[in-house]
Amino acid sequence: MLNYFDPKTADPKQSGTHSFNAGLGGVGEAQSTFNPAFFDRDLGTPARTSETPVELTIDGTAIRVPEGTSVMRAAALAGITIPRLCASDNLEAFGSCRLCAVEIEGRRGMPASCTTPVVEGMSVTTQNAKIAKLRRNIMELYISDHPLDCLTCPANGDCELQDMAGVVGLREVRYGFDGANHLDAEIDDSNPYFSFDPSKCIVCSRCVRACNEVQGTFALTIEGRGFDSKVAASQNEPFMDSECVSCGACVQACPTSTLMEKSVIEEGVPEHSVVTTCAYCGVGCSFEAQMKGDKLVRMVPYKGGDANHGHSCVKGRFAFGYATHKDRIREPMIRDSIDQPWRAVSWEEAIGFAARRLKEIQAQYGRDSVGGITSSRCTNEETYLVQKLVRAAFGNNNTDTCARVCHSPTGYGLKTTLGESAGTQTFDSVMKADTILVIGANPTDAHPVFASQMKRRLRQGARLIVADPRRIDLLATPHGGGGLHLALKPGTNVALVNALAHVVITEGLEDADFVARRCDTDGYQRWREFIADPRHAPEAVESETGVPAEAVREAARTYANAGNGAIYYGLGVTEHSQGSTTVMAIANLAMATGNIGREGVGVNPLRGQNNVQGSCDMGSFPHELPGYQHVADPAIRERFESVWHAKLDDEPGLRIPNMFDAAIHGTFKALYVQGEDIAQSDPNTQHVEAALSALDCLIVQDIFLNETAKYAHVLLPGATFLEKNGTFTNAERRINRVRRVMPPVAGKEDWEVTQDLANALGYDMHYRHPSEIMDEIASLTPTFTGVSYDKLERLGSIQWPCNDDYPLGTPTMHGVDFPIGKGHFAITEYVATEERVNGRYPLLLTTGRILSQYNVGAQTRRTANSAWHAEDVLEIHPVDAEDRGLRDGDWLGIRSRVGHTVLRCRVSERMAPGVVYTTFHHPGSGANVITTDNSDWATNCPEYKVTAVQVEKVSQPSSWQQQFQRFDERQQRYLADAEAPEPALK
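The structure reproduced in this document is the subject of the present report.

What counts and how
Residues numbered from 1 in each chain as written. Predicted model: local features only at pLDDT ≥ 70, side-chain atom pairs only at ≥ 80, totals over all residues. Heavy atoms only, no water. Helix = DSSP H or I, 4+ residues; strand = E, 2+ residues; numbered from the N terminus. Rg over C-alpha atoms; globule rule 2.2 N^0.38 Å. Buried < 20%, exposed > 50% of the residue type's maximum accessible area, 1.4 Å probe, protein only. Contact = heavy atoms within 4.5 Å. Areas by Shrake-Rupley, 256 points an atom, 1.4 Å probe, with all protein chains shown as cover. Pairing = 2+ DSSP bridges. Polar contact = N/O pair within 3.5 Å; in protein donor to acceptor, adjacent residues only side chain to side chain. Arc of directions from axis to C-beta. Salt bridge = Lys/Arg side-chain N within 4 Å of Asp/Glu carboxyl O. Core = buried A, V, L, I, M, F, W, Y, C linked by side-chain atoms within 4.5 Å. Axes fitted to C-alpha atoms, helices over the stretch in contact; angles between N-to-C directions. Parallel < 35°, antiparallel > 145°, perpendicular 65-115°, else oblique. Left-handed = near helix turned anticlockwise from the far one by under 90°. Phe/Tyr/Trp six-rings, centres within 6.5 Å; stacked < 30°, edge-to-face > 60°. Lys NZ or Arg CZ within 6 Å of the ring centre and 35° of its normal. Disulfide = S-S within 2.5 Å.

## Here we look at the overall build of the protein
The number of helices and strands found in the protein is 30 helices and 37 strands. The C-alpha radius of gyration computed for the protein amounts to 29 Å, which stays within 12% of the reference 30 Å derived for 986 residues, consistent with globular compactness. For the protein, the spread of C-alpha atoms along the three principal axes comes to 90 × 90 × 65 Å. Within the protein, the proportion of its 986 residues that are buried is 64%. Nonlocal contacts in the protein, meaning residues at least 24 apart in sequence, comprise 72% of its contacts between residues at least 6 apart. For the protein, the exposed surface amounts to about 35,100 Å²; the carbon and sulfur share of it is 48%.

Structure, rendered in structure tokens:
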């Protein structure tokens, strides 16, 4: 008897042998190293998890697999390949192609192996003369309505139809093309990334099922019946005009060249691949970068990726062209003033120039006059080196990161209540949630791959509650049963979450046993008395939040009574003056209902950028060393000093807003910014511009001349994720390898540039590879002590904490206790924001993201993604538009207390009257010109989500936009002049 493991149902983190055993005790076989080919095998149908083994024989070989496994998958696990066209292991079996027919002893006919489950004692024959003849006849019918252009087809050598014709031994086709056929069907080239050639479609339905089951958009369908059936997008529209979100699942599923990447059509089939991690959002999808030599042909989602399981979105799948864009900064440049042209120089001269300026400034203005900002787009190792450079070489703690302006309240709020500054679950945990509460997040746009998984769970029956001023797409999940929308007024999160908790407490819905075992009971009693006060009742806060009291009560009961209730939140929680308070209120609610410490529950911040979690973990904040260890602790400082060979300051340094204020006041004079565009991303743009203009030396390390680099004196070329080695840490604390795919265009990875600057300043750094940096991180950071590149190669990914207590990582946090011992209930008093509407500013502006663009847009704007979102617009409710005489397409002047900009109008019912909405992906839009300096009381995270504004129809750009245009043109001219080749000597 042979036991066969199933790689799709096992949990390698449950044992030190990394065994995949499908829950069958001793039934298993170890996969001890990270091997892409191991996961790339398509086993035909999805895995089934069962404690019951089934024994059968296939082609005379006795095997044992979990109950519910298909005959096709059982055969594949045993190394027996059954031909197929309509089957794939990420889709439920369909049984349409019939190519996988087998014989089963005691049964009539030849059933499809993909739809036939194994049965105890079953005897299967997968190949004999009768089966072979049937398969050839089936293939002959397929080929009779298929172009015979294999030699010129872009999928030649990478086509399952071609492969199966060879497997079944098809040598001739008896049917001609004289009858009805589909060979003259027109190609749909509307999508910028892939083409649809219906003449090559075999109507296997894999694309339709991928759109439904994997992505959950239901944009594709089979139109017509019988011979007339065909794949159609939406209502038989071009792909670009349909509901398709260009995730690529249909392209990946297609067994022919019907759906084909245009990059493959142009470049040919790739030759080899490298597994790496996407550098867009905080989901952290794993991809195979498929190459021809050093040229990237396509990005294919990697099936072994623990965060994405072979799925992707339009950004990660297709928007990689920025890496080779003509705008890339390819050589270092320096200048003495921002009013001077750039001068292209060698790496040595640029680093020397930067080091000399830093030394001169510190000599004149003092040690604290310089600082650095780390990037949430760079690797853990690169971020670690930048903060180390600031602390050890600059000699101060003036280091900060973009998490200051997005998720710093998450760190403060979760550290205070749960004892750790990170989310509690894996993404997969959502598949066990019974009620999903989404607060201030738009997963389908900002975290689309995770949103697809969430939608799958909603289709299975989980309840959905959304607390957001705007009606998000998740509420319209097809077959998801609808959801409860709590359309609160911007700025009232704390009042709403307190009201939810009030219902839980006053209606006796709390989990008293969990609180007694796991929480500080004295603190709980104080919080209970606070939250039970009638002033927190839904009826009492209805006028403040705008949410009907009965809807709040329904939401609270639904969440509290769920077997498993999970909370997911985003920037709509943190980017408020009470961001930290809301995070603590969310943690209070989860603890009070016992929704912590197991799968299907938890408090889950959806991190925005690819490595925002990692940048925080690596010690980017001015008060914390790597691993959230406070700089004031002498024992902690001593440990770092012994390894870094430098004396460390015991006082927290400047936060980003403090740096800006100090620069304007003349006490902060130099800044090193790696991979961050603070001039576009931070609030009150004119204040940021004034601060950057006041600096004596701004050093920017980036891949493009971004808005911040236009104020720089030193411009150091950055490397994209495709050009470097390292690790990213995603929103579920998952550490994933980033593997170099192509050489850096400027010759250096980002960590090497930081190391060179440190050495030029007289502080020795001599790493040979990012793995050595990770070894140092592990030696100093308690939650990373078990992390190494060797272990990442073995396991594929690791979720911290990973140490002696959790040698293989920690998928679910707080299962037994909290890092602080007992969970702490915080008093979360609602304090209304200072940003109020009035007669002059009667509307509330809130901001967010859109699927096709990413953050400041520096990457996605340089790809075809701009076909979906070429400009930022202002969404305004029809009532507010009618009051002002506005129509779609009108130019709107938007004025706040701090600034004025102009955007185009889009009339939309997604917001309530009185609320307007925009994105911030295009620098010339000036969205942050009008956002204010209001910020979170604990962390200075800006209050992007609440800005009082007035809008009116205008006919020309704002004065800031006109000034921006002039400044941009001048800086682009300076760059072009620097890059122009010198005339040849005669």
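We are not done yet, so read on.
## Describing the pairing of strand 9 (residues 220–223)
Bridge analysis of strand 9 against strand 10 (residues 230–233) gives four bridges, and the strand direction is antiparallel. Bridging across to strand 10, L220 finds its partner in A233. As consecutive antiparallel partners, strand 9 and strand 10 are separated by six residues, and within that stretch G224 has a phi angle of approximately 85°, a positive value.

## Considering the side chain of S199
With respect to the element layout, S199 can be found in the loop between strand 8 (194–196) and helix 5 (206–215). Relative accessible area serves as the criterion here: at 6%, S199 is assigned to the buried category. Of the polar contacts made by the side chain of S199, one reaches the side chain of D197; its length is 2.7 Å. Apart from the residues within four sequence positions on either side, S199 is in contact with D145, H146, P147, H182, L183 and A185.

## With respect to helix 4 (residues 160–167)
Turning to helix 4, its buried residues number three or more, namely L161, M164 and A165. Axial view of helix 4: buried residues confined to an arc of 105°, hence all on one face. Elements in contact with the buried residues of helix 4: helix 3 (129–143). Once helix 4 finishes, G169 follows within two positions and takes phi at roughly 75°, a positive value.

## Brief notes about the pattern of salt bridges
Going through the model one piece at a time under the given rule, you end up with 50 salt bridges. Residue K200 pairs with D149 through a salt bridge whose shortest N-O separation is 3.2 Å. Here K200 is found in the loop between strand 8 and helix 5, whereas its partner D149 is found in the loop between helix 3 and helix 4, with 51 residues between them in sequence. Here R328 and E723 are joined by a salt bridge, their closest N and O atoms 2.8 Å apart. A residue pair is termed long-range when its members are at least 10 positions apart, and R328 in the loop between helix 8 (314–318) and strand 15 (333–334) and E723 in the loop between strand 28 (714–717) and strand 29 (726–729) qualify at 395 residues. Shared partners join several salt bridges into a network, and the residues in it are E507, E539, E550, R553 and R557.

## Here we look at the nonpolar core
In this structure, L259 and I436 are the most contacted members of the largest nonpolar core, which totals 69 residues. Of all the elements, helix 13 (residues 448–459) adds the most residues to this core, at four residues. If we ignore the near neighbours within four places in the chain, the residues touching L259 are F194, S195, F196, C207, F239, C250, V251 and C254. Among the nonpolar cores identified, the runner-up in size contains 64 residues, and F353, A422, W644 and Y763 belong to it.

## Brief notes about the side chain of S925
Its location among the elements puts S925 in the loop between strand 36 (915–919) and strand 37 (947–953). Of the residues examined, S925 reaches a relative accessible area of 7% and is grouped as buried. Not counting chain neighbours up to four residues away, the residues in contact with S925 comprise D872, T901, V902, L903 and Q961.

## Remarks on the packing of helix 23 (residues 656–665) against helix 25 (residues 685–694)
The interhelical angle for the contact between helix 23 and helix 25, taken along N-to-C directions, is 55°, at an axis separation of 8 Å. In this view, helix 23 runs oblique relative to helix 25, as classed from their interaxial angle. The interaxial crossing formed by helix 23 with helix 25 has left-handed handedness. Across from F660, D661, A663 and I664 in helix 23, the residues of helix 25 making contact are H687, V688, A690, A691 and A694.

## What about the sheet that holds strand 28?
Note: strands within a sheet are paired through backbone hydrogen bonds, in either parallel or antiparallel orientation. Taking strand neighbours across the sheet as the criterion, the seven strands line up as 16-15-28-27-26-17-18 in an open arrangement whose pairing is mixed. Looking along the sheet, the strands with just one partner apiece sit at the ends: strand 16 (343–344) and strand 18 (399–401). Strand direction decides the pairing type here: strand 15 and strand 28, joined by two bridges, are antiparallel. Paired with M333 across the strands is L715, a residue of strand 28. Against the sheet, helix 9 (residues 347–365) contacts strand 15, strand 16, strand 17 (370–374), strand 26 (670–674), strand 27 (697–702) and strand 28, and its axis sits at roughly 140° relative to strand 28. Helix-sheet contacts for helix 26 (residues 750–760) involve strand 26, strand 27 and strand 28, and the interaxial angle to strand 26 is about 155°.

## Things to note about the packing of aromatic side chains
All told, the structure shown has 18 aromatic pairs when counted by the stated rule. Arranged with centres 5.0 Å apart and planes meeting at 10°, the rings of Y193 and F318 form a pair that is stacked. Highlighted residues: Y193 in the loop between helix 4 and strand 8 and F318 in helix 8, separated in sequence by 125 residues. Of the two residues, Y193 and F318, neither departs from the other in class, the shared state being buried. Members of the aromatic cluster, joined through ring pairs, are Y193, F194, F196, F239, F318 and W868. Against the face of Y365 rests K669, its NZ or CZ located 5.2 Å from the ring centre. One cation-aromatic arrangement involves R862 over F704; the distance from NZ or CZ to the ring centre is 3.9 Å.

## A closer look at unusual backbone geometry
The omega torsion across W800 and P801 is 5°, close enough to zero to call that bond cis. By secondary structure assignment, the location of P801 is in the loop between strand 31 (797–799) and strand 32 (843–848). Its identity as a non-glycine residue notwithstanding, S205 has a phi of 75°, on the positive side. Residue position: S205 is located in the loop between strand 8 and helix 5. The exposure class of S205 is buried, given its relative accessible area of 7%. Not every positive phi belongs to a glycine, and S246 is a case in point at roughly 55°.

## Side note on the state of the cysteines
Counted according to the given criterion, the structure contains zero disulfides. In this structure C204 is a free cysteine whose sulfur lies 6.3 Å from that of C207, the closest cysteine sulfur available. For C204, a relative accessible area of 6% gives the class buried. Free cysteine C313: the closest other cysteine sulfur is in C281, separated by 6.1 Å.

## Details of the environment of A746
Residue position: A746 is located in the loop between strand 30 (734–738) and helix 26. Classification of A746 by relative accessible area gives buried; the value is 14%. Along the backbone, A746 and G60 are 686 residues apart, and their C-alpha atoms lie at a distance of 59 Å.

## Quick word on the pairing of strand 28
Neither face of strand 28 is open: one carries V714 and L716, the other L715 and P717, and all of them are buried. Examined bridge by bridge, strand 27 and strand 28 share four bridges and lie parallel to one another. Paired with D702 across the strands is P717, a residue of strand 28.

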